[in-house]
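Structural overview
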Amino acid sequence: MAASHSPTSHLSDPPAIAEAKQAQRARCLSILQARPAGVDAVLCARLADTLLATVSQHIACVWPLPHEIDLRPLCHRLSTAGRHVLLPDTPPRGQPLTFRLWTPQSPMLRGRFGTQVPDGPLMTPDLVLVPLLGFDRTGNRLGYGGGYYDRTLATLPGIRTVGYALAAQEVERLPTGPHDQPLSCLVTEQETLHFASL
């Protein structure tokens, strides 16, 4: 099936920017994979403090792949606090993500690319946690290269976006392309950076 030809279907960077991003991805991914034991719990606690201080009720989280920071304890804490936890359902390439309601009782179904998706209704988030491989101090993020989050955030203008990463994943200056969506805020195990009002 051919991808839709909407303006957000194809998010490609100019070749020089794409090459620079790919070089940074390899370095940042190795840092993420070699993170110390226990850092995920510290980061989850800091994220919970940040998110529970907002008025956002529908929070899009991330169910981790094996090498990613494990946000499952955060999902449980947000749900216990009465927030609606939404998890992404990855569509065919070229389409934005959709989000389904998760609760601790939700059955998890197999999604694309090894992801898991809750068997829950579709909902629209009012805050999105954004996974990343690298970040800089101006709110730019380096994603995995599929463009899913940039494409999705372009369909949610004004949405609050909170990135999360290890402090060691910071890059002095990230190359940015015309479709890159900056973050509102970024949380590491050491600090919280605000780029726009939460």
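Structure shown above.
Before going into details, it helps to say that this report is about the structure given with it. (Residues numbered from 1 in each chain as written. Predicted model: local features only at pLDDT ≥ 70, side-chain atom pairs only at ≥ 80, totals over all residues. Heavy atoms only, no water.)

1. Quick look at the overall build of the chain
The secondary structure content of the chain amounts to four helices and eleven strands. Looking at the chain as a whole, 46% of its 198 residues are labelled buried. At a minimum sequence separation of 6, the contacts of the chain that also span at least 24 residues come to 69%. For the chain, the exposed area adds up to about 9600 Å²; of that, 55% sits on carbon and sulfur atoms. (Helix = DSSP H or I, 4+ residues; strand = E, 2+ residues; numbered from the N terminus. Buried < 20%, exposed > 50% of the residue type's maximum accessible area, 1.4 Å probe, protein only. Contact = heavy atoms within 4.5 Å. Areas by Shrake-Rupley, 256 points an atom, 1.4 Å probe, with all protein chains shown as cover.)

2. Thoughts on the nonpolar core
A general tendency of soluble globular proteins is for nonpolar side chains to be buried together. Core analysis: the largest hydrophobic core is formed by 49 residues, its most contacted members being Leu47, Leu71, Leu74 and Leu129. The dominant element in this core, judged by the number of residues it contributes, is helix α2 (residues 39-52), at six residues. The contacts of Leu129, once residues within four sequence positions are left out, are Leu47, Leu51, Ala60, Cys61, Val62, Leu71, Leu74, Tyr149, Val162 and Tyr164. (Core = buried A, V, L, I, M, F, W, Y, C linked by side-chain atoms within 4.5 Å.)

3. Things to note about the packing of aromatic side chains
Within this structure, the stated rule accounts for one aromatic pair. Measuring from centroid to centroid gives 5.6 Å for Trp63 and Trp102, while their planes differ by 45 degrees, and the two rings are tilted. Here the residue Trp63 occupies a position in the loop between β1 (58-60) and α3 (72-80), and Trp102 occupies one in strand β3 (residues 98-102), the gap between them amounting to 39 residues. Note that Arg72 overlies the ring of Trp63, its terminal NZ or CZ placed 5.9 Å from the centroid. Directly above the aromatic system of Tyr148 lies the positively charged group of Arg151, at a separation of 5.8 Å from the ring centroid. (Phe/Tyr/Trp six-rings, centres within 6.5 Å; stacked < 30°, edge-to-face > 60°. Lys NZ or Arg CZ within 6 Å of the ring centre and 35° of its normal.)

4. Describing the packing of α2 against α3
Between α2 and α3, the least distance of the axes is 9 Å, while the angle of their chain directions is 30 degrees. Between α2 and α3, the interaxial angle falls into the category roughly parallel. Between α2 and α3 the crossing geometry is right-handed. Residues Cys44, Ala45, Leu47, Ala48, Asp49, Leu51 and Leu52 of α2 form the contact with α3, whose own contacting residues are Pro73, Leu74, Arg77 and Leu78. Split into classes, the residues belonging to the contact of α2 with α3 amount to nine nonpolar, no polar and two charged. (Axes fitted to C-alpha atoms, helices over the stretch in contact; angles between N-to-C directions. Parallel < 35°, antiparallel > 145°, perpendicular 65-115°, else oblique. Left-handed = near helix turned anticlockwise from the far one by under 90°. Nonpolar A, V, L, I, M, F, W, Y, C, P; charged D, E, K, R; others polar.)

5. A word on the side chain of Thr188
Assignment of secondary structure puts Thr188 in the loop between β10 (185-187) and β11 (192-194). At a separation of 3.0 Å, a polar atom in the side chain of Thr188 contacts the main-chain amide nitrogen of Gln190. Not counting the four nearest positions on each side in its chain, Thr188 is found in contact with Leu43, Arg46, Phe135, Ala165, Leu166 and Ala167. (Polar contact = N/O pair within 3.5 Å; in protein donor to acceptor, adjacent residues only side chain to side chain.)

6. Looking at the sheet that holds β10
Strand order in the open sheet formed by seven strands is β3-β2-β1-β6-β9-β10-β11, and the pairing between neighbours is mixed. The sheet terminates laterally at β3 and β11, the two strands that pair on one side only. Averaged over all adjacent pairs, the angle separating strand axes in this sheet is 25 degrees, with direction ignored. Relative to strand β9 (residues 160-164), strand β6 (residues 127-130) runs parallel, the two sharing four bridges. (Pairing = 2+ DSSP bridges.)

7. A closer look at the pattern of salt bridges
What the rule picks out here adds up to seven salt bridges. Two residues, Asp40 and Arg35, come together in a salt bridge whose shortest N-O distance is 2.7 Å. Judged by relative accessible area, which is 16%, Asp40 ranks as buried. Put simply, Asp89 and Arg100 hold a salt bridge, and the shortest N to O gap is 3.1 Å. Within this pair, whereas Asp89 is found in strand β2 (residues 84-89), its partner Arg100 is found in strand β3, the two being separated by eleven residues in sequence. Taking relative accessible area as the criterion, Arg100 reaches 23% and is therefore assigned partly exposed. One continuous salt-bridge network, built from bridges that share partners, spans Arg137, Glu170 and Glu191. (Salt bridge = Lys/Arg side-chain N within 4 Å of Asp/Glu carboxyl O.)

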